[in-house]
Structures are given as structure tokens and as C-alpha cells.
Amino acid sequence: MASRMREQCANMTKMIPVAPVDVLPPGSRLHFELEEESVIVLNVDGNYYCIADLCTHDGGPLEDGEVVDCQIECPRHGARFDVRTGKVTRLPATDPIPVFAVKVENGIIFVEEPDPW
Ligand code: FES
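Just so we're clear, the structure is a prediction, and the values are computed from it rather than from any experiment. (Residues numbered from 1 in each chain as written. Predicted model: local features only at pLDDT ≥ 70, side-chain atom pairs only at ≥ 80, totals over all residues. Heavy atoms only, no water.)

> Which residues make up the pattern of salt bridges, and what values do they have?
All told, the structure shown has six salt bridges when counted by the stated rule. We note a salt bridge from Glu113 to Lys14, for which the minimum N-O separation is 3.7 Å. Pair noted here: Glu113 is in the segment after strand 12 (108–112) and Lys14 is in strand 2 (residues 14–20), with a separation of 99 residues, a long-range link. Residue Lys14 is classed as partly exposed on the basis of its relative accessible area of 24%. Residue Arg90 pairs with Glu73 through a salt bridge whose shortest N-O separation is 3.2 Å. In this pair, Arg90 sits in strand 9 (residues 88–90) while Glu73 sits in strand 7 (residues 71–73), placing the two residues 17 residues apart along the sequence. Residue Arg90 is classed as partly exposed on the basis of its relative accessible area of 34%. (Salt bridge = Lys/Arg side-chain N within 4 Å of Asp/Glu carboxyl O. Helix = DSSP H or I, 4+ residues; strand = E, 2+ residues; numbered from the N terminus. Buried < 20%, exposed > 50% of the residue type's maximum accessible area, 1.4 Å probe, protein only.)

Take a look at the structure:
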């Protein structure tokens, strides 16, 4: 069914439907495997973001990381990343994490198809 719901945006980026908005209230997150890549979709104060579930410091998962002020903290060694841009905001990571576009249409959250990383 998901493949039938896929669509092309005006800029030809493939957007994949992942969930209805009511399953992702503010402060929550969902983990997905999209095109064989692990991503996390977060609702931070009513805004949706999608990031790779992969810390660039040592490959740890970010899924259970605490989110404060739009930053997610890696549970392993404490690196932080801005979920809006992927930029590192605290060491020991030095490289950004991939982020993906998110849109909401007709109550459904869509995520940009991830490129392999
Ligand atoms: S694996 Fe994330 S900070 Fe080390």
C-alpha cells in the first residue's frame, strides 16, 4: 500500500508516507526503515523532522537519545546534533548527520526518500 501512496514533489524528490499525524504528538518520535535506511521522525513542539538513526561519531543509534531545544543527544558518548539541520552541536562527533525533508498533507506525514549513507 505504501508504494501506491508514493508521490513525486514538484522538485521530483520522492516523498514516502510514513504515518498519520495523530500517532506522532509533540515530544514523540517514530523509527522507520525506509529504503533500507534507518530514520527517526520526530515531533518537536509541533514541527516534524526526520534524521538518520546513526551517530557519526561511532555509529551508535540515536533513537533513544534525549531531545532538548531541537538537539538530539547520542546515548553512547553524548554528541549532539541539531535535528533541523543535522549539524553537530556538541563533541565528540564532528560530522553532521543526514536530515530529510518532511511534509504533512491531508493528515499524513511524508518523508523524503533517503539516499544511502
Ligand atoms: S557513538 Fe554517538 S557520541 Fe559516540
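Additional details are given in the paragraphs that follow.
> Please set out unusual backbone geometry residue by residue, giving values where relevant.
Residue Pro92 is reached from Leu91 by a cis peptide bond, and omega for that bond is 20°. Even without glycine at this site, Glu36 takes up a positive phi of about 70°. Residue position: Glu36 is located in the loop between strand 3 (29–34) and strand 4 (37–44). We note that Cys70 has phi near 65°; this positive angle belongs to a residue other than glycine. When its relative accessible area of 13% is taken as the criterion, Cys70 is described as buried.

By themselves, these figures tell us nothing about what the structure is for.
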